[in-house]
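Observations on the model geometry
Single-letter residue listing:
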Amino acid sequence: GNVINGDGCNSLCQVEVGYSCSGGTITTKDTCSTICGDAKRQEPSESCDDGNVINGDGCNSLCQVEVGYSCTGGTISTKDTCSTICGDARRLPTEICDDGNVINGDGCNSLCQVEVGYSCTGGTLQLLWRYYNDQRYMFN
């Protein structure tokens, strides 16, 4: 349908890296889409691509960043690296604790590890609630 590069089919009518195209005939154009899980982030349809289609590792099977994670470094030629966001009040499997901040000395440190002399309980992937003067506040 066009000779514009970057949409999956380049100006020479060849499939571009990171795309898959199908459905074209002599009278109809191909439909091209990005290949999720190929370690090549194609924006804007992919907000991440870590080289797999496994949910729960930060970049899901649709190449979207999962809640509680941050993914960086991905380009058309390099995969993303995803890590948990410490201090967001969501305790993910790689975090021992997450109290909603990155303040050291309050029991859960800035690396989401329990500090000496403290113990932590609870914490889920859901938002945490805090109480102050009998008022409930949500941390997200």
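Residues numbered from 1 in each chain as written. Predicted model: local features only at pLDDT ≥ 70, side-chain atom pairs only at ≥ 80, totals over all residues. Heavy atoms only, no water.

Details of the environment of N109
- Tracing the backbone shows N109 in the loop between β4 (81-84) and β5 (128-132).
- Overall, N109 belongs to the buried group, its relative accessible area being 17%.
- Put simply, N109 and D98 are eleven residues apart on the chain and 8.4 Å apart in space, counted from C-alpha to C-alpha.
- Apart from the residues lying within four places of it in its own chain, the contact partners of N109 are C86, I103, N104 and E115.
- One polar contact links the side chain of N109 to the main-chain amide nitrogen of L111, over a distance of 2.8 Å. (Helix = DSSP H or I, 4+ residues; strand = E, 2+ residues; numbered from the N terminus. Buried < 20%, exposed > 50% of the residue type's maximum accessible area, 1.4 Å probe, protein only. Contact = heavy atoms within 4.5 Å. Polar contact = N/O pair within 3.5 Å; in protein donor to acceptor, adjacent residues only side chain to side chain.)

Details of a nonpolar patch on the surface
- Together, I96, V114 and Y118 make up a nonpolar patch on the protein surface, roughly 270 Å² of accessible area in all.
- Tracing the sequence through the fold places I96 in the loop between β4 and β5. (Patch = residues over 30% accessible without salt bridge, like charges linked within 9 Å, V, L, I, M, F, W, Y side chains within 5 Å. Areas by Shrake-Rupley, 256 points an atom, 1.4 Å probe, with all protein chains shown as cover. Salt bridge = Lys/Arg side-chain N within 4 Å of Asp/Glu carboxyl O.)

Thoughts on the pattern of salt bridges
- Enumeration over the complete set of coordinates arrives at two salt bridges.
- Between E43 and R41 there is a salt bridge whose closest N-O contact spans 2.7 Å.
- For E43, a relative accessible area of 55% corresponds to the exposed category.
- Ionic pairing is found between R41 and D80, a salt bridge with its closest N-O pair at 2.5 Å. You can see R41 sitting in the loop between β2 (31-34) and β3 (69-72) and its partner D80 sitting in the loop between β3 and β4, a full 39 residues away along the chain.

So, the side chain of Q42
- In this fold, Q42 is placed in the loop between β2 and β3.
- In this structure Q42 touches V17, G18, Y19, T34 and I76, once residues within four positions along its chain are discounted.

Structural notes on the confidence of the model for the protein
- Overall, the prediction assigns the protein a mean pLDDT of 83, with 86% of residues at 70 or greater.
- Ignoring residues within four places in sequence, the model shows residues 126-140, a span with pLDDT below 50, making 29 contacts including any to other chains. (pLDDT = per-residue confidence, 0-100.)

Some thoughts on the state of the cysteines
- Applying the stated rule across the entire model yields six disulfides.
- The partner cysteine of C21 in its disulfide is C32, sulfur to sulfur 2.0 Å. Residues C21 and C32 are joined through a disulfide that is right-handed, its torsion about the S-S bond being 110 degrees. Here C21, found in strand β1 (residues 19-22), pairs with C32, found in strand β2; they are eleven residues apart in sequence, far enough to count as distant.
- Here C97 engages in a disulfide with C108; their sulfurs sit 2.1 Å apart. The sign of the 100 degrees torsion about the S-S bond sets the C97-C108 disulfide as right-handed. Taken together, the positions of C97 in the loop between β4 and β5 and C108 in the loop between β4 and β5 put the pair eleven residues apart, joining distant regions of the chain. C108 matches C97 in its accessibility class, with the two residues each being buried.
- The cystine pairing of the protein, numbering bonded cysteines in sequence order, is 1-2, 3-6, 4-5, 7-8, 9-12, 10-11. (Disulfide = S-S within 2.5 Å.)

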